Amino acid sequence: MTSAWRMVVGAFGLVALAIGFLSVVFLTAPAAPGPDLARSKNSAKGVYALSIAPEAGEPRQGELHAWVVTVKTRQGAPVEGAAISVGGGMPEHAHGLPTSPEATTYLGDGRYRIEGMKFSMTGWWQLKLGVTAPAGADEATFNLVL
């Protein structure tokens, strides 16, 4: 075997070894974490415990729908008379919600109906809720993937 041929075979061997190594690294690397999709969480300052749920099944793209937001104290007591602001959007697309949802009805037991929600496309959405009640003002951000 000539020295040129040995160099070619050696180069192919190094390339095969590098591809094998990169394959192992790629296949064993942890998946990129997605957004936290919890539908219950404490508010940012810990004043309230909030949960969200679509009122009538999972929402579909392009349809108006309502959500129910439950607001409780850290001790678990329902919060009545809260003012709730609603915002959000798609963080990866840098745009807000296509509608202006509002808290319209107090349903009792710390539950409030949010009407006018709409997700205009599939992807990662954030729902940002501000809560102002006698215990103070606080906020929470919920991630949703449609």
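What you are looking at is a predicted structure, and each value in this text was computed from that prediction instead of being measured. (Residues numbered from 1 in each chain as written. Predicted model: local features only at pLDDT ≥ 70, side-chain atom pairs only at ≥ 80, totals over all residues. Heavy atoms only, no water.)

Draft legend 1. Expanded view of the sheet that holds strand β5 (residues 95–96). Sheet architecture is open: 4 strands sit in the order β5-β4-β8-β9, paired in antiparallel fashion. In this open sheet, the two edge strands, each paired with only one partner strand, are β5 and β9 (136–145). Where strand β4 (residues 83–90) lies against β5, 2 bridges are found, and the strand directions are antiparallel. Bridging across to β5, glycine 89 finds its partner in glycine 96. (Pairing = 2+ DSSP bridges. Helix = DSSP H or I, 4+ residues; strand = E, 2+ residues; numbered from the N terminus.)

Draft legend 2. Broad picture of the side chain of lysine 41. Mapped onto the elements of the fold, lysine 41 is located in strand β1 (residues 40–42). Discounting residues that sit within four places of it in the chain, lysine 41 has contacts with Asp36, Tyr48, Ala49, Leu50, Ala140, Thr141 and Phe142. (Contact = heavy atoms within 4.5 Å.)

Draft legend 3. Summary view of the packing of aromatic side chains. Per the stated rule, a full pass over the model turns up 2 aromatic pairs. Taking 4.8 Å as the distance between ring centres and 55° as the angle between the ring planes, the aromatic pair formed by tyrosine 106 and tyrosine 112 counts as tilted. The class of tyrosine 106 is partly exposed, set by a relative accessible area of 34%. Accessibility expressed as a relative area gives 5% for tyrosine 112, which makes it buried. Residue placement shows lysine 41 over the ring face of phenylalanine 142; its charged tip is 5.2 Å from the ring centre. (Phe/Tyr/Trp six-rings, centres within 6.5 Å; stacked < 30°, edge-to-face > 60°. Buried < 20%, exposed > 50% of the residue type's maximum accessible area, 1.4 Å probe, protein only. Lys NZ or Arg CZ within 6 Å of the ring centre and 35° of its normal.)

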